[in-house]
Every structure is written in C-alpha cells, then in structure tokens.
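Next come the chains, spelled out residue by residue.
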Amino acid sequence: MSFMEEHPQVVQAFTNALQKGMDYVNSHTPEEIAEVIAPQFAETDTETIETIVTRYYEQDTWKEDLIFEKESFELLQDILEDAGELEERVPYDKLVTTQFAQEASQKKAR
C-alpha cells in the first residue's frame, strides 16, 4: 500500500497548502511576492529577487492550479527522452493522480 493510500488526509493537506501558495502568487504583484520570499534567499538582494519573480510572472510560469495534465506529462517525457534520461515511457494513468489537486482546486473556488 502506498503512502497516498495510507495517508490521504496528509497528502490532501499538503496539496491544499501548495494550492494556497499558487493562489497567492496569482493574486499578488512580483514585488509583493519578492518581499515575502526574500528571507528564504538571504544571500540575494531584493532587487534581484524582484527581477527573477517578474521574469516568472511575465513568462506566465505559474498555473492556476496543480493539476498535472496529460499533455504536460507527455511533454516532460519527451524532454527526458530527448535528453537520454528516459529508457521507457510510462502511461499517464499509471503514474499520475490528479484527485488531490482537483480537490484543492475545488476548495479554492468555494
């Protein structure tokens, strides 16, 4: 039995917390985000952190939710395969579960 099967409440709570972070970055400016995360990067000045966060923001890096779509999974496998790091492709439905991300996303909508 897997950890997810044995402890679904822990996995859901962790996923909900990650979704809360996604919600934050999607509802705040790069400057606000940089200010909040700056303590985690004490060796980096705030201006550099703002530049990096702004780049992520402009590239539309952050998704609205944590649901790992099949197309993204296939792209990841393509990249790993092209790099010679993937010996055998894995079916999406055998490796990915979106139930926790879907629940977290639904909670955010409520």
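Above this text sits the structure in question.
Residues numbered from 1 in each chain as written. Predicted model: local features only at pLDDT ≥ 70, side-chain atom pairs only at ≥ 80, totals over all residues. Heavy atoms only, no water.

S.K.: Outline the overall build of the chain, listing residues and values.
M.R.: When you go through the chain residue by residue, the secondary structure sums to seven helices and zero strands. In the chain, the succession of α and β elements from N to C terminus is α-α-α-α-α-α-α. Its C-alpha radius of gyration of 17 Å places the chain more than 25% over the 13 Å reference for a compact globule of 110 residues. Considered along the principal axes of its C-alpha atoms, the chain spans approximately 45 × 40 × 25 Å. Within the chain, contacts between residues separated by at least 24 positions form 55% of all contacts whose residues are at least 6 apart in sequence. Accessible surface, the chain: about 8,300 Å² in total, of which carbon and sulfur atoms supply 53%. (Helix = DSSP H or I, 4+ residues; strand = E, 2+ residues; numbered from the N terminus. Rg over C-alpha atoms; globule rule 2.2 N^0.38 Å. Contact = heavy atoms within 4.5 Å. Areas by Shrake-Rupley, 256 points an atom, 1.4 Å probe, with all protein chains shown as cover.)

S.K.: Report on the nonpolar core, specifying residues and quantitative values.
M.R.: A general tendency of soluble globular proteins is for nonpolar side chains to be buried together. With six residues, the main nonpolar core is built from V25, I33, A34, A38, I49 and V53. Every element with two or more residues in this core is listed here: helix 3 (30-37) and helix 4 (46-58). (Core = buried A, V, L, I, M, F, W, Y, C linked by side-chain atoms within 4.5 Å. Buried < 20%, exposed > 50% of the residue type's maximum accessible area, 1.4 Å probe, protein only.)

S.K.: Got a sec to walk through the packing of aromatic side chains? Specific residues and values, please.
M.R.: All chains considered together, the criterion is met by three aromatic pairs. Judged by centre distance (5.9 Å) and plane angle (85°), the rings of F68 and F73 are edge-to-face. Three or more aromatic residues link up through ring pairs in this structure, and these residues are F68, F73 and Y92. (Phe/Tyr/Trp six-rings, centres within 6.5 Å; stacked < 30°, edge-to-face > 60°.)

S.K.: Could you give an account of helix 4, naming the residues involved and the relevant values?
M.R.: Given a rise of 1.5 Å per residue, 13 residues ought to cover 18 Å, and the 18 Å separating the end C-alpha atoms of helix 4 matches this to within 8%. Taking the backbone nitrogen of E47 as reference, a side-chain oxygen 3.2 Å away marks D45 as the first, capping residue of helix 4. Backbone geometry just downstream of helix 4 places D60 in the positive-phi region, at approximately 55°. (Expected span 1.5 Å × (residues − 1). Polar contact = N/O pair within 3.5 Å; in protein donor to acceptor, adjacent residues only side chain to side chain.)

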